[in-house]
Amino acid sequence: MKEEFMQEAIRLSLETMRNNKGGPFGAVVVKDGIIIARGSNRVVSTNDPTAHAEVVAIREACSKLNSFQLEDCEIYTSCEPCPMCMAAIYWARPRIVYFGNSKEDAAEIGFDDSFIYEELVTPLLQRKIPMVRIQQDEALKAFREWAAKPDKIRY
């Protein structure tokens, strides 16, 4: 069954690329042996830099399940997830992720995310896009209110 699900992720990657809708990336979310969501790279077609295959599939799956967690699900993706997709995957908490191409394979065709990995460990003000902290006292008001909120939904 795993091969069948991966084949669908690969099929989506080819379809998207061939139709010039985005890069060659596809993903599916599986629950109880059934594909419940499909995603393909839609960065170009939607002008959305976050519309990676995994993120699209996660959004669709969570919507269908009416949940922000994918605890009993599997994700099959045509390529090892980029840093953004990896973070989304960890937030969604699927049971396991299967991938086809590696991040090194992606880098060879122009999808090199190594600069992001490097930026994550670079001090904030030395990053290519500086991260400058302002209005901390004002921003902390929302955090203090959240900490005291008795009916918050934790995630």
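Here, the structure is the one placed above.
As the structure is a computational prediction, the values presented were derived from the model and not from experiment.

**Q** Before we move on, can you summarise the packing of aromatic side chains with the specific residues and values?
**A** In total, this model carries five aromatic pairs according to the counting rule given. When the centroid spacing of 4.9 Å and the interplanar angle of 90° are considered together, the rings of F25 and F111 count as edge-to-face. In this pair, F25 sits in the loop between α1 (2-18) and β1 (26-31) while F111 sits in the loop between α5 (103-108) and α6 (114-120), placing the two residues 86 residues apart along the sequence. Of the residues examined, F111 reaches a relative accessible area of 34% and is grouped as partly exposed. On the basis of an interplanar angle of 70° and a centroid distance of 5.9 Å, the ring pair of F68 and Y155 is categorised as edge-to-face. Residue F68 is found in the loop between α3 (53-65) and β3 (73-79), and its partner Y155 is found in the segment after α7 (136-148); the two are separated by 87 residues along the sequence. Since its relative accessible area comes to 62%, Y155 is described here as exposed. Cluster of aromatic residues (ring-pair linked, three or more members): F5, Y76 and Y98. Against the face of Y117 rests K103, its NZ or CZ located 4.7 Å from the ring centre. The ring of W146 is capped by K152, whose NZ or CZ atom sits 5.5 Å from the centre of that ring.

**Q** Kindly report on the sheet that holds strand β2 (residues 34-40), identifying the contributing residues and their values.
**A** With mixed pairing, four strands are arranged side by side in an open sheet as β2-β1-β3-β4. In the strand order of this sheet, the two ends are held by β2 and β4 (96-101), each with one partner. The sheet shows a mean angle of 15° between the axes of neighbouring strands, taken without regard to direction. Note: β1 against β3, five bridges, orientation antiparallel. Bridged to V29 within β3 is I75.

**Q** Can you break down unusual backbone geometry residue by residue, with the values?
**A** Positive phi, close to 55°, is recorded for N20, a residue that is not glycine. The topology assignment puts N20 in the loop between α1 and β1. Judged by relative accessible area, which is 64%, N20 ranks as exposed. Not every positive phi belongs to a glycine, and N47 is a case in point at roughly 55°. Of note, N47 is situated in the loop between α2 (43-46) and α3. Classification of N47 by relative accessible area gives exposed; the value is 70%.

What counts and what doesn't
Think of each chain on its own: its residues are numbered from 1, step by step along the sequence as written. Where local features are concerned, this predicted model is filtered to residues with pLDDT of at least 70; where side-chain atom pairs are given and counted, the filter is 80 or more; whole-chain, interface and lining totals use all residues. Where side-chain values are given, they derive from all heavy atoms of the structure, hydrogens and water being excluded. What counts as a ring pair is set by centres within 6.5 Å for rings of Phe, Tyr and Trp (its six-membered ring), and what kind of pair is set by the plane angle: stacked under 30 degrees, edge-to-face over 60, tilted for all other angles. Secondary structure is summarised from DSSP: a helix means a run of H or I of at least four residues, a strand means a run of E of at least two, and numbering begins at the N terminus for each. Between buried and exposed lies partly exposed: a residue is buried under 20% and exposed over 50% of the maximum accessible area for its type, with that area taken using a 1.4 Å probe on protein chains only. The rule for a charge over a ring is simple: NZ of Lys or CZ of Arg within 6 Å of the ring centre, and within 35 degrees of the ring normal. DSSP bridges decide pairing: two strands pair if at least two such bridges lie between them. Every axis in this analysis is a line fitted to C-alpha atoms, fitted for helices over the stretch in contact. Angles between the N-to-C directions lie between 0 and 180 degrees.

Scope: geometric values only; no functional claims are made or implied.
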